[in-house]
Amino acid sequence: QVQLVESGGGLVQAGGSLKLSCAASINIFNFNNVGWYRQAPGKQRELVAGVSDGGSTNYADSVKGRFTISRDNAKNTMYLQMNSLKPEDTAVYYCNMNGFPGWPTGLPNYWGQGTQVTVSS
């Protein structure tokens, strides 16, 4: 069974930084897309940042210029560097990996268990 294990969450003051990691139990080279989502209390889960197998990145407008996503296929790990954190960034952050060549779009689809990020004002 494929597992994605997140780490790096925690409590930080506004303006601070955190780096999230997501380690996969399988080779991530073949995944078409990997990304980070977040869900704040009472809100829907939203895409924060994504990176394709070709290296193309996309970011939510609210994090552009502050967050950087990267993937290290050799380590089967992806990262989210978060700088200039704001209280509104407080949420549970989930990593997601999906899409194998030749499979239906978006499949297989795997989620991590989530890691809490809390930004105090």
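What comes next concerns the included structure. (Residues numbered from 1 in each chain as written. Predicted model: local features only at pLDDT ≥ 70, side-chain atom pairs only at ≥ 80, totals over all residues. Heavy atoms only, no water.)

**Structural notes on the pattern of salt bridges**
Okay, step 1: One pass over the structure, following the stated rule, counts four salt bridges.
Okay, step 2: As a salt-bridge pair, R38 and D89 come within 3.0 Å of each other at their nearest N and O atoms. Here R38, found in strand β4 (residues 33-39), pairs with D89, found in the loop between β8 (77-82) and β9 (91-98); they are 51 residues apart in sequence, far enough to count as distant.
Okay, step 3: For D89, a relative accessible area of 1% corresponds to the buried category. (Salt bridge = Lys/Arg side-chain N within 4 Å of Asp/Glu carboxyl O. Helix = DSSP H or I, 4+ residues; strand = E, 2+ residues; numbered from the N terminus. Buried < 20%, exposed > 50% of the residue type's maximum accessible area, 1.4 Å probe, protein only.)

**Observations regarding the sheet that holds β8**
Okay, step 1: Strand order in this open sheet of four strands is β1-β3-β8-β7, and the pairing throughout is antiparallel. Edge strands, defined here as strands with exactly one partner in the open sheet, are β1 (4-7) and β7 (67-72). Averaged over all adjacent pairs, the angle separating strand axes in this sheet is 15°, with direction ignored.
Okay, step 2: Pairing between β1 and strand β3 (residues 18-24): four bridges, direction antiparallel. In the strand pairing of β3, V5 is matched with A23. (Pairing = 2+ DSSP bridges. Axes fitted to C-alpha atoms, helices over the stretch in contact; angles between N-to-C directions.)

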